Amino acid sequence: MHIKSLACFLALALAGGLSTGAPAQEGCPEGSYSVVNSPDGTSLSILFDAFVVSSGERQKQCNLHVPLHLPEGYSLGVYRVDYRGYAHLARKETSELTVDYNLGPRNKGRRFQRKIKGETDGDFLFTENIGAGLMKRVGCGEEAALDVSVKLTLAASGEGEAMATLDSADGAPKGGLIYYFDTKKC
């Protein structure tokens, strides 16, 4: 399986739509990612090319700050995140996915961390359900932004070609990181 991209899809259920400011990045080479709003303003995709760790490199990290412009009078919260990817690992090899994220300057962030253990050659899916009150809502006149730090590490034996990625190999909006938001009137 040839993996070409990491995709972070942020599904937003916003009544009045969502727009974004210019993203800031660190560790993501210029031109290796893009931020795309859906035509109706209800979803946001952050797409990464070549975000893969393989036997030749043991770690890759990308930090993004995406300003979110909410409709006036609305707040935003995260209630679920899906993490989808692919791993090709021999027996006793591992890859670890670590994603730190938050929604605003006053919001305590969350960390999601999982190991993928070999022997495996296939897709993976992890779902994080976030209970009510575990993340503060943002908006209602306050600055809103999505800050995401994605890190993939690889512990490989050096024999063969080990690799791991967050992906959407077919370009479908079900790959990568999917953030599900709910909105409320202030």
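Residues numbered from 1 in each chain as written. Predicted model: local features only at pLDDT ≥ 70, side-chain atom pairs only at ≥ 80, totals over all residues. Heavy atoms only, no water.

Undergrad: What is the right way to look at the overall build of the chain in this model?
TA: Each helix and strand in the chain was counted, giving zero helices and 15 strands. Per-residue burial for the chain yields a buried fraction of 48% across its 186 residues. The contacts of the chain with a sequence gap of at least 6 include a subset with a gap of at least 24, amounting to 80%. As displayed, the chain offers around 9,200 Å² of accessible surface, 48% of which is attributable to carbon and sulfur atoms. (Helix = DSSP H or I, 4+ residues; strand = E, 2+ residues; numbered from the N terminus. Buried < 20%, exposed > 50% of the residue type's maximum accessible area, 1.4 Å probe, protein only. Contact = heavy atoms within 4.5 Å. Areas by Shrake-Rupley, 256 points an atom, 1.4 Å probe, with all protein chains shown as cover.)

Undergrad: I keep staring at the nonpolar core and nothing clicks. Help me out?
TA: Buried together is how nonpolar side chains tend to be arranged in soluble globular proteins. Within the largest apolar cluster, 38 residues are counted, with the highest numbers of intra-cluster contacts made by Val 78, Tyr 83, Leu 97, Val 99, Tyr 101, Leu 103 and Tyr 179. Sorting the residues of this core by element identifies β7 (59-69), β8 (74-89), β9 (94-102), β10 (110-117), β11 (120-129), β13 (144-155), β14 (163-166) and β15 (176-185) as the ones contributing at least two each. (Core = buried A, V, L, I, M, F, W, Y, C linked by side-chain atoms within 4.5 Å.)

Undergrad: Explanation requested: the side chain of Ser 149 in the structure shown.
TA: As for its placement among the helices and strands, Ser 149 is situated in strand β13. There is a polar contact of 2.5 Å between the side chain of Ser 149 and the side chain of Asn 63. When near neighbours in sequence (up to four residues on either side) are disregarded, Ser 149 contacts Gln 61, Cys 62, Asn 63, Thr 98, Val 99 and Asp 100. (Polar contact = N/O pair within 3.5 Å; in protein donor to acceptor, adjacent residues only side chain to side chain.)

Undergrad: Sorry, what's going on with the environment of Gly 139 here?
TA: Considering the arrangement of structural elements, one finds Gly 139 in strand β12 (residues 138-139). C-alpha of Gly 139 to C-alpha of Lys 184: the two residues are 45 residues apart in sequence and 9.6 Å apart in space. When near neighbours in sequence (up to four residues on either side) are disregarded, Gly 139 contacts Leu 70, Tyr 74 and Ser 75.

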